Amino acid sequence: MGKAYAIALAILATVPVTALYAQSATDSAAIAATAHDYIDGWWSGDAARMQRSLHNHLAKRMVMTDSSGQHSRLVDMTALELVQGTERGGGKQTPADKRKSDVRILDIFQNAALVRIDAGLWIDYLEEVRWNGEWKILNVVWEPRQR
């Protein structure tokens, strides 16, 4: 093994493993675009845009707790239900001055990302995954601002 090769290996050994998986500006833009397809598709009633953002196995959930605070239940929505609700114009029923589409990427690691959307009347936390080269929303947990 030559001296230059040994030096190169020594330098490479000091590079953190996470640096080898660094996300690009392209990844960040694609993750944000997926989140905007989801929320802006909802507001505009664009079912194709909504569907483009979702993984087929999406689970959207909210925890509902009774007035005593003792009994919680999950309210679930599938990708199909969300697309159908978008197609019916569910988001269009919210007055324009109450709509927000503030997207913030909280974390990215390799093929996973966590995104927060402030939609005005509620907050969505999205788990996005890189699926067949595209970013898709796999899970959503959401919470309304007022109940």
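Here we summarise the structure given alongside this text. Residue positions are given per chain, counting from 1 as you read along its sequence in written order. Totals for whole chains, interfaces and linings use every residue, but because this is a predicted model, local features are given only for residues with pLDDT of at least 70 and side-chain atom pairs only at 80 or more, for both listing and counting. The basis for every side-chain value is the complete set of non-hydrogen atoms in the structure, without hydrogens or water.

## Things to note about the sheet that holds strand β4 (residues 112–118)
Pairing between two strands is assigned when DSSP locates at least 2 bridges connecting them. Numbering of helices and strands starts at the N terminus; helices are DSSP runs of H or I of at least 4 residues and strands are runs of E of at least 2. Here 6 strands make up an open sheet; going across it, the order is β2-β1-β6-β5-β4-β3 and the pairing mixed. Strands at the two margins of the open sheet, each flanked by one partner only, are β2 (72–78) and β3 (102–109). Each neighbouring strand pair of the sheet contributes to a mean axis angle of 20°, computed without reference to strand direction. In the packing of helix α2 (residues 25–44) onto the sheet, the strands contacted are β1 (54–65), β3, β4, β5 (122–131) and β6 (134–144), and the crossing angle to β5 comes to about 130°. Axis geometry follows a simple rule: fit a line to the C-alpha atoms, using only the stretch in contact for helices, then measure angles between N-to-C directions, giving values from 0 to 180 degrees. By definition in these notes, contact holds between two residues if any of their heavy atoms fall within 4.5 Å.

## Some points on the pattern of salt bridges
Think of a salt bridge as a Lys or Arg side-chain nitrogen and an Asp or Glu carboxyl oxygen that are within 4 Å of each other. A full pass over the atoms with the stated rule returns 9 salt bridges. One salt bridge in this structure joins D27 and R130, with 2.8 Å as the shortest N-O distance. Within this pair, whereas D27 is found in helix α2, its partner R130 is found in strand β5, the two being separated by 103 residues in sequence. Relative accessibility under 20% of the residue-type maximum defines a buried residue, over 50% an exposed one, and the middle range a partly exposed one, all with a 1.4 Å probe and only protein chains included. A relative accessible area of 12% means that D27 is categorised as buried. Given a relative accessible area of 28%, R130 falls into the partly exposed group. Of the charged contacts, one joins R49 and D37 as a salt bridge, the two residues approaching to 2.8 Å between their closest N and O atoms. Of the two residues, R49 sits in helix α3 (residues 47–53) while D37 sits in helix α2, which places them 12 residues apart along the sequence. Exposure remark for D37: the relative accessible area of 12% places this residue in the buried category.

## A word on the layout of surface pockets
For each structure, a 1 Å grid was placed over the protein atoms alone; sets of points admitting a 1.4 Å probe that cannot get out are labelled cavities, open sets with protein on both sides within 12 Å along at least five of seven lines are labelled pockets, and lining residues have an atom within 4 Å of a point. Grid points are joined across faces, edges and corners, and a volume is the space filled by probe spheres set on the points. For the largest pocket, the calculated volume is near 260 Å³. As for the largest pocket, its lining consists of 16 residues, and the residues nearest its centre are W42, K60, M77, L82 and W122. For the lining of the largest pocket, the secondary structure elements donating two or more residues are α2, α4 (79–87) and β5. The residue makeup of the lining of the largest pocket, split by class, is 8 nonpolar, 4 polar and 4 charged. Classification convention: Asp, Glu, Lys, Arg as charged; Ala, Val, Leu, Ile, Met, Phe, Trp, Tyr, Cys, Pro as nonpolar; all other residues, Gly among them, as polar.

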